[in-house]
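Given next are the chains, with one letter for each unit.
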Amino acid sequence: MHPIQAVRWSPDCRAVRIIDQTALPERFVERDLRTLDDVCTAIASLAVRGAPAIGIAGAMGLVVSLDSFDDQSADALRARTAVHAHRIIATRPTAANLAWAVNAVAAQAMLPAASSGAVLAAMRAKAAALLEDDGAMCRRIGELGVSLLADGARVMTHCNAGALATTGMGTALAPVYVATERGLHVSVLACETRPLLQGGRLTSWELSRAGVPVRVITDGSAAHAMREGRVDLVIVGADRIAANGDTANKIGTYALAIAARHHGIPFYVAAPSSTFDPALATGDAIPIEQRGRDEVARVAGRVIVPNEVPVDNPAFDVTPAALISAIVSDRAIHTPPYRFGES
Ligand code: MRU
């Protein structure tokens, strides 16, 4: 089967080609992002989504958005780079990966180079390296994390932290894919993930495409499934991990971690190095993206909340480190107490 490539270069390398995740599972559509507006709109609308994927799409998008400025002086291109980078980073505040990857590419523009062509070439090379590294980090997470899965393991996950959310085999789902490659029988219970249904639409799509047994449940039935003894472990991805291990991930993750602790079920986080933010001492400082009312107040075009009633729509929550049994990165399986960033 053709592997999922959520983010890649178009054949002429003048665009970022993404799978439009707003169309799944009904339609598989790829879209080419060429301009700054294309890139910002795709990230903000979740056409490309998941912390690692938006980081790489943002980094590559910065490069292609600057392509038409290659006739300017190197200094003019540098100034333009700062403007574009700022706009891309502002699209989504919670995932550490977005600013990390975009800044890494933008930093290339600040190195000495005589021409705008040379500046752009350095930025393109950096974006290509990040794309490559992201896939490799996913595989390493899978190879480390597979040790957490026994044959027959029943894994609960939330949102989508699979191939669609990265440029490789995913983070939370990477151990599941590696286990399956090795002939272990592992199944997944996917929480549907209100309001945008990344679990129902995306996790189920990519796992069933890969032949991994998956079943979707409503978010509200997760604790019930644990109580019924249908969950051996929980693995989720992450958008930002503070120095003490506090972890931001899709809204609803915190409730799962509490329910898992109550039922004595191990709760794991899986994330690449690009998701760690050791500059933040605790999760209290993680910015939480607030999204629009209509994502909650409308379903399939129908108003489901009276217009006069206010709605809150935080896209992420922070799970305290004390509820996390271990954090699987591309470097190690980290166990409490977590102290990231200390040498
Ligand atoms: O709003 P989304 O769909 O971008 O949120 C994604 C998540 O919360 C994922 O769990 C997280 O980014 C990890 S992806 C490997």
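Quick summary incoming for the structure in this document.

Definitions and limits used
- Residues numbered from 1 in each chain as written.
- Predicted model: local features only at pLDDT ≥ 70, side-chain atom pairs only at ≥ 80, totals over all residues.
- Heavy atoms only, no water.
- Helix = DSSP H or I, 4+ residues; strand = E, 2+ residues; numbered from the N terminus.
- Rg over C-alpha atoms; globule rule 2.2 N^0.38 Å.
- Buried < 20%, exposed > 50% of the residue type's maximum accessible area, 1.4 Å probe, protein only.
- Contact = heavy atoms within 4.5 Å.
- Areas by Shrake-Rupley, 256 points an atom, 1.4 Å probe, with all protein chains shown as cover.
- Phe/Tyr/Trp six-rings, centres within 6.5 Å; stacked < 30°, edge-to-face > 60°.
- Pairing = 2+ DSSP bridges.
- Axes fitted to C-alpha atoms, helices over the stretch in contact; angles between N-to-C directions.
- Parallel < 35°, antiparallel > 145°, perpendicular 65-115°, else oblique.
- Left-handed = near helix turned anticlockwise from the far one by under 90°.
- Nonpolar A, V, L, I, M, F, W, Y, C, P; charged D, E, K, R; others polar.
- Near = heavy atom within 4 Å.
- Polar contact = N/O pair within 3.5 Å; in protein donor to acceptor, adjacent residues only side chain to side chain.
- Expected span 1.5 Å × (residues − 1).

Notes on the overall build of the protein chain
For step 1, the next point in the chain: Scanning the protein chain from terminus to terminus reveals ten helices and 16 strands.
For step 2, the next point in the chain: The C-alpha radius of gyration of the protein chain comes to 20 Å, within 12% of the 20 Å expected for a compact globule of 343 residues.
For step 3, the next point in the chain: Expressed as lengths along the three principal axes of its C-alpha atoms, the size of the protein chain is roughly 65 × 50 × 40 Å.
For step 4, the next point in the chain: Counting across all 343 residues of the protein chain, residues that qualify as buried make up 54%.
For step 5, the next point in the chain: Excluding contacts between residues fewer than 6 apart, the proportion of contacts in the protein chain whose partners are at least 24 apart in sequence is 74%.
For step 6, the next point in the chain: Surface exposure of the protein chain reaches about 14200 Å², of which carbon and sulfur atoms provide 54%.

As for the packing of aromatic side chains
For step 1, the next point in the chain: The full count for this structure, using the stated rule, is three aromatic pairs.
For step 2, the next point in the chain: With a centroid separation of 6.1 Å and an interplanar angle of 20 degrees, the aromatic rings of F28 and W205 are classed as stacked. Taken together, the residues F28 in the loop between strand 2 (16-19) and strand 3 (30-33) and W205 in helix 7 (residues 198-209) connect sequence positions 177 residues apart.
For step 3, the next point in the chain: Relative accessible area serves as the criterion here: at 16%, W205 is assigned to the buried category.

A closer look at the sheet that holds strand 5 (residues 187-191)
For step 1, the next point in the chain: The strand order 6-5-4-7-10-15-16 describes an open sheet built from seven strands, whose pairing is mixed. Pairing within the sheet leaves two strands with one partner each, and these edge strands are strand 6 (214-217) and strand 16 (333-334).
For step 2, the next point in the chain: Pairing between strand 5 and strand 6: four bridges, direction parallel. Within strand 6, the residue paired with C191 across the bridge is I217.

What to know about helix 6 (residues 174-181)
For step 1, the next point in the chain: Within helix 6, six of the eight residues are buried, leaving the element largely enclosed by the surrounding structure.
For step 2, the next point in the chain: Every buried residue belonging to helix 6 is among A174, P175, V176, Y177, V178 and A179, and all of these are buried.
For step 3, the next point in the chain: In the core, the buried residues of helix 6 are packed alongside helix 5 (116-145), strand 4 (154-157), strand 5, helix 7 and strand 7 (233-236).
For step 4, the next point in the chain: Immediately beyond the C-terminal end of helix 6, within one or two residues, lies G183, with a positive phi of roughly 90 degrees.

Describing the packing of helix 1 (residues 36-44) against helix 3 (residues 74-89)
For step 1, the next point in the chain: Following both chains from N to C, one finds helix 1 and helix 3 inclined at 20 degrees, their axes separated by 9 Å at the closest point. Regarding the angle of helix 1 to helix 3, the classification is roughly parallel. Between helix 1 and helix 3 lies a crossing of right-handed hand. Judged by residue contacts, L36, D37, V39, C40 and I43 of helix 1 engage H84, R87 and I88 from helix 3.
For step 2, the next point in the chain: Split by residue class, the contact of helix 1 with helix 3 holds five nonpolar, one polar and two charged.

Points about the site of the ligand
For step 1, the next point in the chain: R49, A51, R92, N249 and K250 are the nearest of the 19 residues found near the ligand.
For step 2, the next point in the chain: One of the side-chain N or O atoms of Q198 is found 2.9 Å from an oxygen atom in the ligand.
For step 3, the next point in the chain: Considered on its own, the ligand offers 420 Å² of accessible surface; in the complex 99% of this is hidden by protein.
For step 4, the next point in the chain: Mapped onto the shell around the ligand, the elements with two or more residues apiece are helix 2 (51-66) and strand 9 (247-250).
For step 5, the next point in the chain: For the shell around the ligand, a count of residues per class yields eight nonpolar, seven polar and four charged.

Observations regarding the sheet that holds strand 1 (residues 7-9)
For step 1, the next point in the chain: With antiparallel pairing, the three strands of this open sheet are ordered in space as 1-2-3. Both edges of this open sheet fall to strand 1 and strand 3, since each of them pairs with a single strand only. Here the average twist between neighbouring strands, direction ignored, is 30 degrees.
For step 2, the next point in the chain: Across the face of the sheet, helix 1 comes into contact with strand 2 and strand 3 while running at roughly 135 degrees to strand 3.
For step 3, the next point in the chain: Strands strand 1, strand 2 and strand 3 of the sheet are contacted by helix 2, whose axis makes an angle of about 25 degrees with strand 1.

Examining helix 7
For the α-helix, the turn length of 3.6 residues means that residues three or four positions removed from each other point alike.
For step 1, the next point in the chain: Taking 1.5 Å per residue, twelve residues should reach 16 Å; helix 7 reaches 15 Å between its end C-alpha atoms and fits that length.
For step 2, the next point in the chain: Most of helix 7 sits out of view: nine of its twelve residues are buried.
For step 3, the next point in the chain: For helix 7, the set of buried residues is Q198, G199, R201, L202, T203, S204, W205, E206 and L207.
For step 4, the next point in the chain: Phi for G211, located one or two positions after helix 7, is positive at around 80 degrees.

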